[in-house]
Amino acid sequence: GHTYTKAGPAVIVNRFAGSALYAYAARDNINLYAYSTHATDPSIKLDYRITNGFGICRHKLALPDFALLLFSLGPVHEIEWFQGAAALPQWRGVARLNGVRPLTERLEVAFDTFLTPAVPDPTDYRVFGEASLKYKLTKILSAKLTLADEYDARPLPGVVNNDVGLFTTLAVDWGR
C-alpha cells in the first residue's frame, strides 16, 4: 500500500509498505503464522524497515455478534534504517486484537490494534489502532472509511509521536 498526503509544498506522509503472511491451521481455532513486512516513510525519516515475525493466533473467540474476533501473540525481529543513522536491529513483542461485527447485511464495523513493545525495554513501544466502517456496494465491491492512529513512544528528534489519519478506500473483496 501507499499513503501520500501533501499540504501546499509540504509532504506530510509518503509511506509505502508491503507484507507477506503464511498461516497454518494447527487446530480449528488456532493458527501458527510467520510474516515479513517492509516499509519506507521519508516523512518520519525512515529509509527502510523490515520486520520478520512468527507467533500463535487464537481466532473464533466466542463473543456474540462478531463475524471475526482474534488475538495473536509473538516475537518479531525488526531492523530500521533512518536518514543519517546506522541500522537499528531489535526484538519486539507483538500482541494483536482484531474484530469484525456486521451491523446490517451491507454494513460492518471493524477494529484492529497492535501493541509492539521492545524487548527488553517495554517503555520503547508502538501502538497502532484502526476502526473502520465498511459498506458493501456490490457482491465484490465495498467502500470503507477508516480512522487510524499510530503512536511511537520514542520517535526520532523532530518527528511527532502520534499520527492520526482518516482514509477512504474502494475495496475489492476476494474470497470469503
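Residues numbered from 1 in each chain as written. Predicted model: local features only at pLDDT ≥ 70, side-chain atom pairs only at ≥ 80, totals over all residues. Heavy atoms only, no water.

1. What to know about the sheet that holds strand β6 (residues 88–102)
The sheet built from 10 strands is open, its strands ordered β1-β2-β3-β4-β5-β6-β7-β8-β9-β10 with antiparallel pairing. What marks the edges here is a single partner per strand, and that holds for β1 (2–7) and β10 (162–172). Each strand axis lies, on average, 20° off the axis of its neighbour in the sheet, ignoring direction. In terms of strand pairing, strand β3 (residues 30–41) meets strand β4 (residues 46–59) through 11 bridges, oriented antiparallel. Looking at the pairing, Thr-37 lines up with Thr-51 of β4. (Pairing = 2+ DSSP bridges. Helix = DSSP H or I, 4+ residues; strand = E, 2+ residues; numbered from the N terminus. Axes fitted to C-alpha atoms, helices over the stretch in contact; angles between N-to-C directions.)

2. A word on the side chain of Asn-31
Mapped onto the elements, Asn-31 comes out in strand β3. Within the structure, the side chain of Asn-31 is placed 3.3 Å from the side chain of His-59, a separation counted as a polar contact. Dropping the residues within four chain positions of it, Asn-31 is found in contact with Ala-23, Tyr-24, Ala-25, Ala-26, Gly-55, Ile-56, Cys-57 and His-59. (Polar contact = N/O pair within 3.5 Å; in protein donor to acceptor, adjacent residues only side chain to side chain. Contact = heavy atoms within 4.5 Å.)

3. Overview of the nonpolar core
By size, the foremost hydrophobic cluster in this structure holds 6 residues: Tyr-33, Tyr-35, Cys-57, Leu-70, Val-76 and Val-94. Secondary structure elements with two or more residues in this core: β3 and β5 (68–82). (Core = buried A, V, L, I, M, F, W, Y, C linked by side-chain atoms within 4.5 Å. Buried < 20%, exposed > 50% of the residue type's maximum accessible area, 1.4 Å probe, protein only.)

4. Some remarks on the environment of Asp-124
Looking at where Asp-124 falls in the secondary structure, it is placed in the loop between β7 (107–119) and β8 (125–136). Since its relative accessible area comes to 12%, Asp-124 is described here as buried. In this structure, Asp-124 is in contact with Gln-90, Arg-92, Thr-116, Pro-117, Ala-118 and Arg-154, ignoring residues within four places of it in sequence.

5. Focus: the pairing of β5
In this structure, β4 lies alongside β5, joined through 11 bridges in antiparallel fashion. From the neighbouring strand, Asn-52 faces β5, where its bridge partner is His-77. Bridge analysis of β5 against β6 gives 13 bridges, and the strand direction is antiparallel. Note that in β6 the partner of His-77 across the bridge is Trp-91. The antiparallel hairpin formed by β5 and β6 contains 5 residues in its connecting segment, where Gly-84 sits at a positive phi of about 75°.

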